Amino acid sequence: MTRKTRKVTPGTESRTAQVLLITLALAFLAFFLMLPLIAVFSEALKQGIGPFLDAVANPDAFSAIRLTLIIAAISVPLNMVFGLAASWAITKFSFPGKNLLLTLIDLPFSVSPVVSGLIFVLLFGAQGLLGPWLSAHGVKIIFAVPGIILATVFITFPFVARELIPLMMEQGKEDEEAAVSLGANGWQTFWHVTLPNIRWGLLYGVLLCNARAMGEFGAVSVVSGHIRGETNTMPLHVEILYNEYDFVGAFAVASLLAALALVTLVLKTVLEWRFDLHSGARH
Amino acid sequence: MNAGILNRRLFLSMAAASALAVSLAGCSGGKSGNSVEITNVSYDPTRELYQAVNPAFAAYWKKKTGQDVTFRMSHGGSGKQSRAIIDGLEADVATLALAYDIDVISSKAKLLPADWQKALPDNSSPYTSTIVFLVRKGNPKGIRDWNDLVKPGVQVITPNPKTSGGARWNFLAAWAYGRKAGGSDAAAEAYVKRLFTQVPVLDSGARGATTTFVERGIGDVLLAWENEALLAEKKLGAGKFEIVVPSISILAEPPVAVVAANAKKHGTEAVSKAYLEYLYTPEAQVAIARNFYRPSDPKIAEQFASQFPKLNLTTIDKDFGGWTKAQKTYFDDGGVFDRIYTKK
């Protein structure tokens, strides 16, 4: 994170400038991050713990929580496998179209989530390209769980790969070459050499991927159909409750999401620390 | 620490989790044994109404046939919901804000016959409503009628007519006033154009607009469904709002229809039809009135007469030549709304 954009060497800024910058950053953080977070929890607990628990235990809220966990449990492993495969291919081999693949991996980051949702409606919707065939065979994708999974997988596609590619590039392929020259086959090399080298980076990518999978709103909203108790994920359920003037309910579910995010953050920090230690030891 | 073991455990638990998830996701409804499921795709403000009607119908149906009914409810802006049904949201019944939104399901996706509106009494509208003004307590800006809305400094809240059914009724009610006051469509256009310059936010649905006005405290007057206005006045912010009834408004007929092709596919034709017919029974009509919609049953309407002021109502068929024409003239791309809203 130490980027030298100007010709000053670190440490030569005056003391006042340092204090000023730090205060500014802290004030910014407090205003844009801490305040909303506190607001979410205080709104949720405004009428005490009883209504909060009722709101969370409500069957529709419960099914939204379950659906969100299911979506994450499917899309995160899928993207973990894909991310591993892609970064392995990109960093350890050279092949034509490698740069194109790298660019494509970033596509979900640059496309608006609403557009990503619409892509699937255009493909699988009743008026879409594959819609008539799917409906003739009784397969439901859009406005059902598979559609939500597709949209989530698409949105969270780059997280693992983006985390691993720079790491694996930096590590190079000497370790693997050594393993192969000592007689290890591909699978053994991957399992005993590559994976241990990247394990913290991988976990970190998986965590980020998971956070986004649980929190995604735009793309999921387009393909969900908003059927209560069935195709509403937690973020969608928050919106529904808010629109029904059930503010305690809305903020209770929102606070659960925020709590999940906080857990992710803590895990991420721990991992970052371990990861730094690990990669530091290599140099 | 042994990294190999750590990663193997991680992989195994992830794999187990995803296998479990797939099996959980596999079980979703339809018609099975002695129970049946109806998907009702509705517009924004009817959440409370169907929360009241659905259990009553379930009890009625259980008694009549011995079958258990469960409901899947979906709510959103009427135009958006119509689009979702066309794109494959498998609604058994569509209960939307205006006839045009069901017409397009028939014309674009052929999921129900073109004459669907003849299937049930009163143009398939079990209740009607109208458009009124909601103002803040004490009516600080002194709003009495449509002409007060275009006074300098008055902020008007209405949702976007492109996506919201309620907003289209708002627009046409305003147009009807402009035409009556000025004597021509040109005068009406000038009035409505001025009105929209006083609108600070266009929400996508009626519920969003109500929240903007009631919760976020934006605007001086909300053009609202009468049912939304009464809900806000009596329940949300009792004592904080007042309803103003304008000199002229529009008779809104939110229709209901069985989406025939979907009901056939799910084997829910009988129960879907019975569900919509149930909306016309005295029990349902009382629930309708209690949720601030104007019941179509004259006897029940009589009972709740004090709740609904009498006012001069124009109609879509008589004054605007029906929804197909009105939609094309005012709301389709390149229509009147686009013209006045871009030339601000």
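Figured I'd write up the structure that's included with this text. (Residues numbered from 1 in each chain as written. Chains lettered and ligands numbered in written order. Predicted model: local features only at pLDDT ≥ 70, side-chain atom pairs only at ≥ 80, totals over all residues. Heavy atoms only, no water.)

### Digging into the overall build of chain B
Convention followed: A run of H or I in DSSP becomes a helix once it reaches four residues, and a run of E becomes a strand once it reaches two; helices and strands are each numbered from the N terminus. Only protein chains enter the calculation, and the probe is 1.4 Å; a residue is then buried if its accessible area is under 20% of its type maximum, exposed if over 50%, and partly exposed in between. Residue contacts are counted whenever heavy atoms from the two residues lie within 4.5 Å of one another. Here, Shrake-Rupley sampling with a 1.4 Å probe gives the accessible areas, and only protein chains in the shown set may cover a residue.
The number of helices and strands found in chain B is 17 helices and 13 strands. Here chain B holds 344 residues, and the buried ones make up 57% of them. Of the contacts made within chain B by residues no fewer than 6 positions apart, 74% connect residues no fewer than 24 positions apart. Only carbon and sulfur atoms are counted for the fraction: they give 55% of the accessible area of chain B, which is about 14,200 Å².

### Quick look at the packing of helix α9 (residues 158–171) of chain A against helix α11 (residues 186–215) of chain A
Residues and elements named next belong to chain A. Inclusion rule: Fitting a line to C-alpha atoms yields each axis, with helices limited to the stretch in contact; the angle taken between N-to-C directions then spans 0 to 180 degrees. Under this scheme an angle from 65 to 115 degrees is roughly perpendicular, one under 35 degrees roughly parallel, and one over 145 degrees roughly antiparallel; angles in between are oblique. Should the near helix be turned counterclockwise from the far one by less than a right angle, the crossing is left-handed, whereas a clockwise turn marks it as right-handed.
Running from amino to carboxyl end, α9 crosses α11 at an angle of 155°, the nearest separation of the two axes being 7 Å. Our classification of the angle between α9 and α11 gives roughly antiparallel. Between α9 and α11 the crossing geometry is right-handed. Of the residues in α11, those touching α9 at Phe159, Val160, Glu163, Leu164, Leu167, Met168 and Gln171 are Thr194, Asn197, Ile198, Gly201, Leu202, Tyr204, Gly205, Val206, Leu208, Cys209 and Arg212.

### Here's the deal with the interface of chain B and chain A
Using the following cut-off: Accessible area that two parts lose when put together, with a 1.4 Å probe and added across both, is what the buried area reports. By definition, a salt bridge exists where a carboxyl oxygen of Asp or Glu is found within 4 Å of a side-chain nitrogen of Lys or Arg. Each residue gets one of three labels, nonpolar for Ala, Val, Leu, Ile, Met, Phe, Trp, Tyr, Cys and Pro, charged for Asp, Glu, Lys and Arg, and polar for the others, Gly among them.
Opposite the 40 residues of chain B that make contact, chain A presents 33 residues. Carbon and sulfur atoms supply 64% of the area that chain B and chain A bury against each other, a total of about 3,300 Å² over both sides. Joining chain B to chain A, the criterion identifies three salt bridges. A salt bridge links Arg72 of chain B to Glu230 of chain A; its shortest N-O distance comes to 2.5 Å. Broken down by secondary-structure element, the contributors of at least two residues to the side of chain B that touches chain A are α1 (3–26), α2 (47–65), β3 (68–76), α3 (78–86), α4 (99–109), α9 (206–214) and α10 (226–236) of chain B. Per element, the largest residue contribution to the side of chain B that touches chain A is 13 residues, and it comes from α1 of chain B. Residue composition of the side of chain B that touches chain A, by class: 17 nonpolar, nine polar and 14 charged.

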